[in-house]
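Chain and residue survey
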Amino acid sequence: MRLASWLFLGSGIVFCLVAFAGWVGLNLFACGLASGGCSLSRFRFRWEDTEALTVFVPPFALGCVLTASGIALRIAGRRRQP
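Structure report, in brief. The structure displayed is predicted, hence computed values, not measured ones. Within each chain, residue numbers correspond to sequence positions counted from 1 in written order. Local features in this predicted model are restricted to residues of pLDDT 70 or higher, and side-chain atom pairs are both shown and tallied only at a pLDDT of 80 or more, whereas totals for entire chains, interfaces and linings draw on every residue. The side-chain numbers reported here are obtained from all heavy atoms of the structure, hydrogens and water having been left aside.

Points about the packing of aromatic side chains
- Classification of ring pairs uses Phe, Tyr and Trp, with its six-membered ring standing for Trp, and accepts pairs whose centres are within 6.5 Å; under 30 degrees between planes counts as stacked, over 60 as edge-to-face, and the remaining range as tilted. Summed over the entire model, instances satisfying the criterion amount to 1 aromatic pair.
- Both rings, one in Trp-23 and one in Phe-56, keep their centres 5.7 Å apart while their planes meet at 70°; by these two values the pair is edge-to-face. Of this pair, Trp-23 sits in helix H1 (residues 2–33) while Phe-56 sits in helix H2 (residues 50–80), and the two are 33 residues apart along the sequence.
- Buried residues are those whose accessible area, probed at 1.4 Å on protein chains only, stays under 20% of the maximum for their type, while exposed residues exceed 50% and partly exposed ones sit between those limits. Residue classification places Trp-23 among the buried residues on the basis of a relative accessible area of 4%.
- Since its relative accessible area comes to 19%, Phe-56 is described here as buried. Here a strand is any run of E in DSSP of at least two residues, a helix any run of H or I of at least four, and the numbering for each starts at the N terminus.

Listed below in structure tokens is the structure:
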């Protein structure tokens with residue numbers, strides 16, 4: 001049970017970080033392709049880009065579910081110990 005909780009927790013965090021890093025990378029790539037260039041003051045996330053969100057939201061949601069499951073397993077394991 002302890003190993004499963006750590007695996008769920010770790011893999012969930014990794015999924016969330018990879019999905020977020022991919023989203024940031026895609027936005028930076030798109031900003032770099034703009035004809036006027038990109039500066040940090042003008043950089044913003046394109047949340048209205050639903051085609052990209054369909055790629056990045058499911059792994060992020062899966063990561064959140066795995067992280068929550070890992071936390072729940074850790075809490076359940078602590079309650080059983082005397």
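What about the side chain of Ser-5?
- Locating Ser-5 in the fold gives a position in helix H1.
- Overall, Ser-5 belongs to the buried group, its relative accessible area being 1%.
- A distance of 2.7 Å separates a polar side-chain atom of Ser-5 from the backbone oxygen of Arg-2.
- Whether two residues are in contact is decided by their heavy atoms: any pair within 4.5 Å suffices. Contacts of Ser-5, omitting those with residues within four sequence positions, involve Gly-70, Leu-73 and Arg-74. Two N or O atoms form a polar contact when they lie within 3.5 Å of each other; inside protein one atom must be a possible hydrogen donor and the other a possible acceptor, and for residues adjacent in sequence the pair counts only when both atoms belong to side chains.

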